[in-house]
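Structure assessment
Each chain, letter by letter, is given below.
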Amino acid sequence: MLVAIDGPAGSGKSSVARAVAERLGLVNLNTGATYRAVALVALEENLDLDDGVALAAVGARVDLAATGASYAGEPIPEDALRTPEVSAAASRVSAHPELREILVERQRAAARATEASGGAVVEGRDIGTVVLPEADLKVFLLASPEERARRRALQTGREEELERIRKAMQTRDKRDSERETSPLKPAPGAVVLDTTSLSLEGVVSRVVELARERRGERRSAVEGPPGDEASPRNAPRRAL
Ligand code: DC
């Protein structure tokens, strides 16, 4: 089964995706790490952050797994991807269609690789709209800008920088939602959840409940109702 979780920074995506994956026994894939990996390499190698073709060449060497992103086969430590410089550069590089095209392929390949183990919870900005429009469940998380900045500040331990974080987030949100290629928006059929006044546990249990419902619906669509002689019980199940 595939669960797509999209939403802006600070909407709770990462924490929700991690917990939902754990509860459902699925792999958790964080696609933001691929954009961050390209941004980190581009900064280290002094590449022009506006050269989509050069960035796409970096993207072609990025891989994604439950453990995070790797570049040319070398895992990239999570801390290196989380600096404010990399966050700002990731938002910039993610506007390039040439790079998005490559990374979307890498992300689909990562999702497909989870097929044998039962599937994945994939989080990002365009998972339901572009990467996996066929996902069994698509969730779009929202939260007020103030709440999102507060959560991000708590998460990074930079509480004294709340105002700077709020402004940086606002700039990234604007760029993410106004870009021409895959702007941040709910996919058709997505369940939109406003998490502003919900606890993490509240959001996680709601998403798990929705995923179990979808899994049940999918099983009965494959197996047919009990006692239905014509049901294709021996038909191969769609794994994803
Ligand atoms: O989720 P995050 O903050 O780690 O994402 C880093 C950047 O990558 C962010 O600016 C949005 C972008 N991104 C994207 O455009 N599409 C995705 N599927 C995931 C992230």
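Along each chain, residue indices are assigned from 1 in the same order as the chain's sequence is written. pLDDT decides what is reported in this predicted model: residues at 70 or higher carry local features, side-chain atom pairs at 80 or more are listed and counted, and totals for whole chains, interfaces and linings draw on all residues regardless. With hydrogens and water set aside, each side-chain value is computed from the structure's full complement of heavy atoms.

Attention shifts here to the side chain of N28. Secondary structure elements follow DSSP: runs of H or I of four or more residues count as helices, runs of E of two or more count as strands, with numbering from the N terminus. Checked against the element boundaries, N28 lands in strand β2 (residues 27–30). Classification of N28 by relative accessible area gives buried; the value is 16%. Within the structure, N28 has its side chain in polar contact with the backbone oxygen of V121 (distance 3.4 Å). Relative accessibility thresholds used throughout: buried, under 20% of the residue-type maximum; exposed, over 50%; partly exposed, between the two (1.4 Å probe, protein chains only). Think of a polar contact as two N or O atoms within 3.5 Å of one another; within protein, one of them needs to be a possible hydrogen donor and the other a possible acceptor, and neighboring residues in sequence only count if both atoms come from side chains.

All right, on to the site of the ligand then. In the vicinity of the ligand there are 16 residues, among which T31, R36, R100, R125 and D126 approach most closely. With respect to the ligand, the side chain of T31 contributes an N or O atom lying 3.0 Å from a nitrogen atom. Here D126 contributes a side-chain N or O atom positioned 2.9 Å from a nitrogen atom of the ligand. Residue burial considers only the protein chains on display, and all accessible areas are found by Shrake-Rupley using a 1.4 Å probe. When the ligand sits alone it has 440 Å² of accessible area, and the protein chains cover 98% of it. At the level of secondary structure, the elements contributing two or more residues to the shell around the ligand comprise α2 (32–44), α5 (84–93) and α9 (162–178). Looking at which element gives the most residues to the shell around the ligand, the answer is α2, with 3 residues. Tallied by class, residues from the shell around the ligand come to 2 nonpolar, 5 polar and 9 charged. What makes a residue near a molecule or strand is one non-hydrogen atom of that residue sitting within 4 Å of it. Residues are grouped as follows: Ala, Val, Leu, Ile, Met, Phe, Trp, Tyr, Cys and Pro are nonpolar; Asp, Glu, Lys and Arg are charged; every other residue, Gly included, is polar.

Quick look at the sheet that holds strand β8 (residues 191–194) now. The strand order across the open sheet formed by 5 strands is β2-β6-β1-β7-β8, and the pairing between neighbours is parallel. Looking at which strands have only one partner, the edges of the open sheet turn out to be β2 and β8. Neighbour-to-neighbour, the strand axes of this sheet turn through a mean angle of 20°, independent of strand direction. The contact rule is simple, with two residues in contact once any of their heavy atoms fall within 4.5 Å. Lines fitted to C-alpha atoms define the axes, with helix axes restricted to the stretch in contact, and inter-axis angles between N-to-C directions lie between 0 and 180 degrees. Contacts from helix α10 (residues 200–223) reach β1 (2–6), β7 (137–142) and β8 within the one sheet, and its direction differs from that of β7 by about 160°. Note on pairing: two strands pair once DSSP finds at least 2 bridges between them.

A few words on the packing of helix α8 (residues 145–156) against α9. At a minimum axis separation of 9 Å, α8 and α9 run at an interaxial angle of 120°. Classified by the angle their axes make, α8 and α9 are oblique. Note on packing geometry: the crossing formed by α8 with α9 is right-handed. Each of P145, R148, A149, R150, R152, A153 and T156 in α8 lies in contact with α9, whose residues at this interface are L162, I165, R166, M169, R172 and D173. Here the residues of the contact of α8 with α9 are counted per class, giving 6 nonpolar, 1 polar and 6 charged. Geometric relationships in this document are graded by angle, where less than 35 degrees denotes roughly parallel, more than 145 denotes roughly antiparallel, 65 to 115 denotes roughly perpendicular, and other angles denote oblique. Crossing handedness follows the turn of the near helix against the far one: under a right angle anticlockwise gives a left-handed crossing, and clockwise gives a right-handed one.

Here the focus is the domain arrangement of the protein chain. What marks off one domain from the next here is an automatic or database domain assignment. Looking at the protein chain, the domain boundaries give domain 1 (1–26 + 118–226) and domain 2 (31–113). Each of domain 1 and domain 2 was reduced to a C-alpha centroid, and the two centroids are 20 Å apart. Across the boundary between the two partners, domain 1 contributes 18 residues, which contact 17 residues of domain 2. Summed over both partners, the accessible surface that disappears when two parts come together, traced with a 1.4 Å probe, is what is meant by buried area. Counting each side, the surface lost to burial between domain 1 and domain 2 is near 1,300 Å², with a carbon and sulfur contribution of 50%. By the criterion of area lost to domain 2, the three top residues of domain 1 are V131, R175 and R179, representing 33% of everything that side buries. The salt bridge definition used is simple: a Lys or Arg side-chain nitrogen within 4 Å of an Asp or Glu carboxyl oxygen. Along the contact surface separating domain 1 from domain 2 lie 1 salt bridge. As a salt-bridge pair, D126 and R100 come within 2.9 Å of each other at their nearest N and O atoms.

Glancing now at the sheet that holds strand β3 (residues 62–65). The strand order across the open sheet built from 3 strands is β3-β4-β5, with neighbouring strands paired in antiparallel fashion. A strand with exactly one partner marks an edge of an open sheet, and here the two such strands are β3 and β5 (74–75). Pairing between β3 and strand β4 (residues 68–71): 4 bridges, direction antiparallel. Its bridge partner being in β4, D63 is matched across the sheet by S70.

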